[in-house]
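Tertiary structure, described
Single-letter residue listing:
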Amino acid sequence: MNDMTKPPRQRLDFAPEVTVTKLEQAGLFKIRREVEGRPREMVLAPIEALLCSLLERGQDPRHYLGDTAVAKTGMQDRAARLNTALRAFLQPEHSDVHELPKSPAFEGPDVYMQAWRNAPANEHFLLRDIAPQELVWYVTHRCPRRCRYCHWVQKGRSDIESDSLPLKRAVGLMLEAWLGGVQRLVMTGGEPMLRRDLLKIIESGSRLGLPIWLFTRYHITPKRAADLAEAGVSRIFFSLDTLDSDANNQLVENAAVVAEARRSLSAMVNAGLDVTLVPVLTALNAETLTELAEDMAEIGVSSMRPIAYKGRASAKFNDLFALSQADKDAIRESLAAVRQTISLDLTTLYLDTKTAICESGITTIYVQPNGSVSYCPLTQGTSGAPFGRLPEDTLDALWQNRRLGRLLAGNGLALAGPRSVARITDTSSCVLRKERLDLK
C-alpha cells in the first residue's frame, strides 16, 4: 500500500462477522468484531471509513479522490497505517476463512464521502492516529542503578506500582499490542532485564511480527546477548554517557561502568544485534561526544542517539549537570565529526526549544508494570489516573477513550487539528505541568 499509484493486488476482504455502524455524534463510524471471544471495537473518522470502503472494493483512492486530494489529506500515510490498525478486524481466526464467500462490510464510498464533507471540524476525542504507533511498556520500576539524572530516582520507588503483570498476561499484552495495530513495542523501565521471564515475553511478541525495542544498561554477557538475539529483539538501546571515570562517578555513581559497558556492547554486536548507544549529555560530558562515538564505532555499535539533559526542579545537581551555551555549541560542533564515524539519530536531541515533544496519547500509549494505562508516565493524581488495564481492556477502547480525548483537547492539542501530532513550544506548556514530575 505504500505505492498508491497502483491499485491493490487483491480485494481487501473483511470477515463476515464484522459490522460497521454510524455514530450520531460527530459523524463517526464504529467497526466491531469478536476476536477470540471478545468484542473489539474501533472508532473511525469519516475519511478512514471512506478509505476502508475503497480498499475493500479494490479501488485506488487516487482514482476516486484525485492526486491533489490524496496528498492534501495524507491518504497515502493513512492507507499504510490502516491495514495495521485494523489487524484485529481483518485477521482470520481460522485457516479456511478465505474460502468463505464475503460481502463488503462498508457501504459504497459515496456514503462516507458525504459524511466526511458534513463532519464537524472539531473531533475532540479523536486527536490521535487510528491506532498507537508505539506502545511503551515499563516492564519494571526496579533498577540496580542510581543514575542521578533519572526522573524515577527523584520520585523514589515506594510509591510506584508493583511489578504485578504475570507472564500469561504479559504475553497477552504482546498479542493485544499486535492486534491493536501497534507498529513498535518499547520495553523500558527501571531495568527490564531484571524480569526473569523477559525473553519468553520478547519471543511471544517477535513470533507475531511485532518489532520490539529494548532499553537497558544491564550487564549483557555473551550468553545473554545470544539469548536476546534468539528471542527476536529488533533493536537494543544501551546507555553509556562517557568514557571518563570521574564523570561516570558523578552521573551514575559508578566509576567502573565503562569497562562493563564495553564488554556488554561487544557481546551484543558479536551476537548480531542492532545496537544504538544512548548517552545523556550534560556539562560533564558535552565535549567528549566525538571520543565516545569513535570508541563505539570501533566496537561495532551501529548508531548513537544522544539526549540533552534538561534539568529537574529541586534537583541539587542541576547546576553541575545543566548544559551551558558553551556546552551546547561544543555539542553542535562535534555532530559533524560524529557523523563521520557512526550513524547519528537526533530524534531525542533537543538543545534549545522543543517542538512536537510530547506524543503521549497521540501516537504513543504508556503501560505501567502492572498493565495500567494512563495519559502520561510522568503524571500523578487525578490527571494520571489509569484509563484501564491491558490486556483486560482492549487497546482499541483505551485508545479511543473520551476522557483521554478531553485531556488532549484541554491541553491545547485541539488547535493542532484532528489526528495530528501537536507542536508545542516546550514541555512547560503542558497544562498538566503541575502533575509532571520533571517540571515541578
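This write-up is about the structure you can find in this document. (Residues numbered from 1 in each chain as written. Predicted model: local features only at pLDDT ≥ 70, side-chain atom pairs only at ≥ 80, totals over all residues. Heavy atoms only, no water.)

What the rule picks out here adds up to 6 aromatic pairs. Note on F106 and Y112: the rings are 5.8 Å apart at their centroids and 70° apart in plane angle, and the pair reads as edge-to-face. In this structure, F106 and Y112 share a single accessibility class: buried. These aromatic residues form a ring-pair network of at least three members: F29, F106 and Y112. The ring of W213 carries the charged tip of R184 above its face, separated from the ring centre by 3.9 Å. (Phe/Tyr/Trp six-rings, centres within 6.5 Å; stacked < 30°, edge-to-face > 60°. Buried < 20%, exposed > 50% of the residue type's maximum accessible area, 1.4 Å probe, protein only. Lys NZ or Arg CZ within 6 Å of the ring centre and 35° of its normal.)

It is worth spelling out the nonpolar core at this point. In terms of nonpolar packing, the biggest core is built from 104 residues, with L135, W137 and M187 touching the most fellow members. Element by element, the count of residues in this core is highest for helix α1 (residues 46–56), at 7 residues. If we skip the residues at most four places from it in the chain, W137 touches L165, A170, L173, M174, V186, M187, T188, R195, I201, V367, Q368 and P369. Among the nonpolar cores identified, the runner-up in size contains 7 residues, and Y138, V186, F237 and Y366 belong to it. (Core = buried A, V, L, I, M, F, W, Y, C linked by side-chain atoms within 4.5 Å. Helix = DSSP H or I, 4+ residues; strand = E, 2+ residues; numbered from the N terminus. Contact = heavy atoms within 4.5 Å.)

Spatially, β1-β2-β3 is the arrangement adopted by the 3 strands of the open sheet, whose pairing is antiparallel. Of all strands in the sheet, those bounded by a partner on one side alone are β1 (19–22) and β3 (38–44). Neighbouring strand axes in the sheet, compared pairwise and without regard to direction, differ in orientation by 25° on average. Of the pairings in the sheet, the one linking β1 to strand β2 (residues 29–35) comprises 4 bridges and is antiparallel in character. Looking across to β2, one finds that T19 is bridged to R32. (Pairing = 2+ DSSP bridges. Axes fitted to C-alpha atoms, helices over the stretch in contact; angles between N-to-C directions.)

Moving on to the pairing of strand β8 (residues 275–278). Going residue by residue along β8, you find V275 and L277 tucked away on one face and T276 and V278 tucked away on the opposite face as well. Of the strand pairs in this sheet, β8 and strand β10 (residues 303–304) are connected by 2 bridges, and their pairing is parallel. Following the sheet pairing, T276 is matched in β10 by S303.

A few words now on the pattern of salt bridges. Tallied over the full model, the rule gives 17 salt bridges. E41 serves as the salt-bridge partner of R32, at 3.2 Å between the closest nitrogen and oxygen. On the basis of relative accessible area, E41 is assigned to the partly exposed category, the value being 33%. Residue D329 is joined to R332 by a salt bridge in which the shortest nitrogen-to-oxygen separation is 3.4 Å. Linking D329 with R332, this pair stays in helix α15 (residues 325–339), spanning 3 residues, or about one helical turn. Overall, the relative accessible area of 33% leaves D329 in the partly exposed class. On the basis of relative accessibility, which here comes to 35%, the residue R332 falls in the partly exposed class. (Salt bridge = Lys/Arg side-chain N within 4 Å of Asp/Glu carboxyl O.)

This brings us to the pairing of β3. Pairing between β2 and β3: 7 bridges, direction antiparallel. Counterpart to E34 in the pairing with β3 is P39. Once β2 ends, the chain turns through 2 residues before running back antiparallel as β3, passing E36 with a positive phi of about 55°.

This brings us to the packing of α1 against helix α6 (residues 109–118). The geometry of a pair of packed helices is captured by two quantities: the angle between their axes and the separation between those axes. Contact pair α1 / α6: the axes reach a minimum separation of 8 Å and the direction vectors enclose 165°. Here α6 runs roughly antiparallel to α1, going by the angle between their axes. Relative to α6, α1 is oriented so that their crossing is left-handed. Contacts from P46, I47, A49, L50, S53 and L54 of α1 reach α6 at P109, Y112, M113, A115 and W116. A breakdown of the residues in the contact of α1 with α6 according to their chemical character gives 10 nonpolar, 1 polar and no charged. (Parallel < 35°, antiparallel > 145°, perpendicular 65-115°, else oblique. Left-handed = near helix turned anticlockwise from the far one by under 90°. Nonpolar A, V, L, I, M, F, W, Y, C, P; charged D, E, K, R; others polar.)

Our focus in this paragraph is the environment of R57. By the element assignment, R57 lies in the loop between α1 and α2 (61–65). Sequence separation between R57 and P104 is 47 residues, and the spatial gap between their C-alpha atoms is 7.5 Å. A distance of 3.3 Å separates the side chain of R57 from the backbone oxygen of E107, its partner in a polar contact. (Polar contact = N/O pair within 3.5 Å; in protein donor to acceptor, adjacent residues only side chain to side chain.)

All of the buried residues along helix α10 (residues 222–231) are A225, L228 and A231. Considered in projection along α10, the buried side chains sweep an arc of 125° and stay on one side of the axis. Facing away from the buried surface of α10 by more than 90 degrees, the exposed residues are P222, K223 and E230. Elements that come into contact with the buried residues of α10 comprise α9 (198–207), β6 (212–216), β7 (235–239) and α12 (257–270). (Arc of directions from axis to C-beta.)

A word on the sheet that holds strand β13 (residues 364–367). Spatial ordering of the open sheet is given by β12-β10-β8-β7-β6-β5-β4-β13-β14-β15, a layout of 10 strands whose pairing is mixed. The sheet is open, and its two borders are formed by β12 (343–344) and β15 (388–389), each paired with just one other strand. Here strand β4 (residues 134–140) runs beside strand β5 (residues 184–189); their pairing, made up of 6 bridges, is parallel. Bridge pairing in β5 links L135 to L185.

A cluster of like negative charges, contributed by D244, D246, E291 and E294, occupies part of the molecular surface. Assessed through its relative accessible area of 44%, E294 is described here as partly exposed. (Patch = residues over 30% accessible without salt bridge, like charges linked within 9 Å, V, L, I, M, F, W, Y side chains within 5 Å. Areas by Shrake-Rupley, 256 points an atom, 1.4 Å probe, with all protein chains shown as cover. Lys, Arg positive; Asp, Glu negative; His and termini not counted. Charge placed at Lys NZ, Arg CZ, Asp CG, Glu CD.)

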